[in-house]
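Fold and contact review
Residues per chain are reported as follows:
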Amino acid sequence: QVQLVESGGGLVQAGGSLRLSCAASGRTFSRYTMGWFRQAPGKVRDFVASIYWSTYYADSVKGRFTISRDNARNTVYLQMNSLKPEDTAIYYCAADTESGTPYTPISSYDYWGQGTQVTVSS
């Protein structure tokens, strides 16, 4: 069983920055593919970024968001810069404990956090 707890969401003006954190339980965190997803009201949950030994990003966030991890702290981060109103969503952290690759489909993620709200005002 893996527990994920996100933090760092909030309200920010367009052009601003936020850093999300996701603390994970589990003794083999370094072996998990970790991902960030987001879901805006009335929309499906979309992939944002993932990390294993390398990183993957959705086209909509490339050059603005950076995913990183600290295996010693069992934590994954999402640094979000140059935020836009369309980035407004609930952001979820997720763990894929089986695949062992940098990018996997959403269906492969077997543990999810509770989500943290990010609101970007124009």
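Data block above holds the structure.
What comes next is a walk through the structure. None of the values given here were measured: they were computed from a predicted structure.

Overview of the packing of aromatic side chains
According to the stated counting rule, one finds eight aromatic pairs in the structure shown. Aromatic side chains Tyr 109 and Trp 112 sit 6.1 Å apart centroid to centroid with 55° between the ring planes, which places their arrangement in the tilted category. Over the aromatic face of Trp 112 sits the side chain of Arg 45, whose NZ or CZ is 4.9 Å from the ring centroid. Here Arg 69 stacks its cationic end above the ring of Phe 29, 4.7 Å away from the centre of that ring.

Points about the sheet that holds strand 3 (residues 18-24)
Backbone-to-backbone hydrogen bonds pair the strands of a sheet. The strands run either parallel or antiparallel. The four strands are arranged 1-3-8-7 in an open sheet whose pairing can be described as antiparallel. The open sheet has two free edges, formed respectively by strand 1 (4-7) and strand 7 (65-70), since each of these has just one partner strand. Pairwise comparison of adjacent strand axes, ignoring direction, gives a mean angle of 15° for this sheet.

So, the pattern of salt bridges
Oppositely charged side chains may form a pair once their charged atoms are brought near each other. This model, assessed by the stated rule, comprises four salt bridges. When the shortest N-O distance is used, the salt bridge between Asp 59 and Lys 62 registers 3.2 Å. An identical accessibility class is assigned to Asp 59 and Lys 62; each is exposed. Here Asp 70 makes a salt bridge to Arg 73, at a shortest N to O gap of 3.3 Å.

About the cut-offs
- Residues numbered from 1 in each chain as written.
- Predicted model: local features only at pLDDT ≥ 70, side-chain atom pairs only at ≥ 80, totals over all residues.
- Heavy atoms only, no water.
- Phe/Tyr/Trp six-rings, centres within 6.5 Å; stacked < 30°, edge-to-face > 60°.
- Lys NZ or Arg CZ within 6 Å of the ring centre and 35° of its normal.
- Pairing = 2+ DSSP bridges.
- Helix = DSSP H or I, 4+ residues; strand = E, 2+ residues; numbered from the N terminus.
- Axes fitted to C-alpha atoms, helices over the stretch in contact; angles between N-to-C directions.
- Salt bridge = Lys/Arg side-chain N within 4 Å of Asp/Glu carboxyl O.
- Buried < 20%, exposed > 50% of the residue type's maximum accessible area, 1.4 Å probe, protein only.

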